[in-house]
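Single-letter residue listing:
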Amino acid sequence: QVHLVESGGGLVQPGGTLRLSCAASGFTFSSYVMSWYRQAPGKERELVAAISRIGGATNYTDSVKGRSTISRDNPKNTVYLQINSLKPEDTAVYYCKANGGGSVVAPSGSTYWGQGTQVTVSS
């Protein structure tokens, strides 16, 4: 059975740093493109960052580019997302996603989602 479990969300002050983790099980983690998405209230879910199967390629949405890092540890079946200089507009539920095909620009194929973790940026 596939599981993607996100952790690390919470309340953070503007300008702070957050590191999210997503622990995967039930599939061959190293064969999947891993991504982080987020969904703010009243908005569509959007791709935040993606990383290739062995971590050699990454992709970031413009709003987090330069202040965010996606990484993965294949032996630990875990993908991470660190966002620095957090802004109130980063407030959203953050989801981990696994794709069996495609690329960091356009993940595709078989898809698994985590349940999400809330990130709130507020003073």
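Scroll up to find the structure.
For the structure given in this document, a descriptive report is provided here. Note that the structure is a prediction, hence the values are computed from the model and not measured. (Residues numbered from 1 in each chain as written. Predicted model: local features only at pLDDT ≥ 70, side-chain atom pairs only at ≥ 80, totals over all residues. Heavy atoms only, no water.)

Trans peptide bonds make up most of the peptide bonds, and negative phi angles are found at most residues other than glycine. One non-glycine residue with positive phi stands out, namely N77, at about 55°. Inspection of the secondary structure puts N77 in the loop between strand 7 (68-73) and strand 8 (78-83). The class for N77 is partly exposed, based on a relative accessible area of 26%. The phi dihedral of S85 falls on the positive side, at around 50°, and the residue is not glycine. Using a relative accessible area of 41% as the deciding quantity, one classes S85 as partly exposed. (Helix = DSSP H or I, 4+ residues; strand = E, 2+ residues; numbered from the N terminus. Buried < 20%, exposed > 50% of the residue type's maximum accessible area, 1.4 Å probe, protein only.)

The subject of this paragraph is the side chain of R38. Within the fold, R38 resides in strand 4 (residues 33-39). At 3.0 Å, the side chain of R38 forms a polar contact with the side chain of S63. In terms of polar contacts, R38 uses its side chain to reach the side chain of D90, at 2.9 Å. Residues in contact with R38, not counting those within four places in the same chain, are E44, R45, E46, V48, S63, V64, E89, D90, A92, V93 and Y94. (Polar contact = N/O pair within 3.5 Å; in protein donor to acceptor, adjacent residues only side chain to side chain. Contact = heavy atoms within 4.5 Å.)

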